[in-house]
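The primary structure of each chain is shown beneath.
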Amino acid sequence: MKGIVVYCSSSSSVPSVYLEAAREMGALIARSGYALVSGGGYRGLMAETIEGAIGAGGTATGVLPHFMLERGWAHPGLTECIDTPSMHARKETMARNACAAIALTGGIGTLDELCEMMTWHQLGIFEGPVVIVNTDGFFDPLIDMFDRMMEQGFMRGGIIPARIVSTPSEAISVIREAVEHGA
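Treat the numbers as computed from the prediction; the structure is a model and nothing was measured.

Undergrad: Describe in detail unusual backbone geometry, supporting the description with residues and values.
TA: Look at Asp-136: it is not a glycine, yet its phi comes out positive at around 55°. For Asp-136, the position within the fold is in the loop between β6 (130–133) and α6 (140–151). Asp-136 gets classed as exposed once you look at its relative accessible area, which sits at 61%.

Undergrad: A description of the pairing of strand β1 (residues 3–7) should follow, citing residues and the corresponding values.
TA: In summary, the side chains of a regular strand alternate between the two faces of the sheet. Across the 5 residues that make up β1, a large majority, 5, are buried. Taken together, the 5 bridges between β1 and strand β5 (residues 98–103) define a ladder with parallel strand orientation. Along β5, the bridge assignment pairs Tyr-7 with Ala-103. With 2 bridges connecting them, β1 and strand β2 (residues 36–38) associate as parallel partners. Among the inter-strand pairings, Ile-4 is bridged to a residue of β2, identified as Leu-36. Note on the crossover from β1 through helix α1 (residues 16–31) to β2: the handedness is right-handed.

Undergrad: Residues and numbers for the pattern of salt bridges, please.
TA: Summed over all chains, the structure comprises 5 salt bridges. Arg-23 is the salt-bridge partner of Glu-51, the closest N and O atoms lying 2.8 Å from each other. Taken as a pair, Glu-51 in helix α2 (residues 44–55) and Arg-23 in helix α1 lie far apart in primary sequence, 28 residues in all. For Glu-51, a relative accessible area of 31% corresponds to the partly exposed category. You can call Arg-23 partly exposed: its relative accessible area is 36%. Two residues, Glu-116 and Lys-91, come together in a salt bridge whose shortest N-O distance is 2.6 Å. Here the residue Glu-116 occupies a position in helix α5 (residues 108–123), and Lys-91 occupies one in helix α4 (residues 87–96), the gap between them amounting to 25 residues. Residues participating in the shared-partner salt-bridge network are Arg-23, Glu-48 and Glu-51.

Undergrad: Give me a nonpolar patch on the surface: which residues, what numbers.
TA: A contiguous nonpolar surface patch, about 360 Å² in accessible area, is contributed by Tyr-42, Phe-67, Trp-73 and Met-87. With respect to the helices, strands and loops of the structure, Trp-73 is situated in the loop between α3 (66–70) and β4 (80–84). Relative accessible area serves as the criterion here: at 32%, Trp-73 is assigned to the partly exposed category.

About the cut-offs
- Counting starts from 1 at the beginning of each chain's written sequence and moves along it residue by residue.
- Residues qualify for local features only when their pLDDT is at least 70, as the model is predicted, and side-chain atom pairs are given and counted only at 80 or more; totals for whole chains, interfaces and linings, by contrast, use all residues.
- Derived side-chain values reflect all non-hydrogen atoms in the structure, with water molecules and hydrogen atoms excluded from consideration.
- In this description a helix means any DSSP run of H or I spanning at least four residues, a strand means any run of E spanning at least two, and both kinds are numbered starting from the N terminus.
- Throughout this description, buried means an accessible area under 20% of the type-specific maximum (1.4 Å probe, protein chains only), exposed means over 50%, and partly exposed covers the range between.
- What makes two strands pair is DSSP finding at least two bridges between them.
- Seen with its strands pointing away from the viewer, a crossover is right-handed if its path from the first strand over the helix to the second goes clockwise.
- The term salt bridge refers to a side-chain nitrogen of Lys or Arg lying within 4 Å of a carboxyl oxygen of Asp or Glu.
- Surface patches are drawn from residues lacking salt bridges whose relative accessible area is over 30%; two like charges belong together within 9 Å, two nonpolar side chains (Val, Leu, Ile, Met, Phe, Trp, Tyr) within 5 Å.
- The accessible surface values rely on the Shrake-Rupley method and a 1.4 Å probe; as for residues, cover is taken only from the protein chains in view.

Spelled out as structure tokens, the structure:
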């Protein structure tokens, strides 16, 4: 079975509510029988998802471009570490190994990955669900922008190509419904 890719921050200098949600997300992915696929970093929310998955008896695949591996940025507890030649190859590899995508809180890198997956989903390149976990209202301004895009005709089909939820548990429910029941 393919895993669930989680996009999130590698920063540890963030409110603890985001770190806790990331650890919970990793644990829920593992308990649901999926492998975690992530950027594989040893810090921040990325590390928390990995530690949550491993701690719950699951597996964690990290996908890192070679330059990041050379800098020692890989989490030491990864079950598998995939070395890619570039950031572009990293994103494609992460998507190829996933049946669903989740965005947790993060910065510009997370936003880049989320938007690319939403685009791929809209174009039919990635058929799995894309889920945004809006922990503590973090994504509210972005969701407002998506609503504005819809209102002004910039979203194909008039829908946001992602499901928006508030908790990691809701994200897993959305994915189970979509992947396991074909919804």
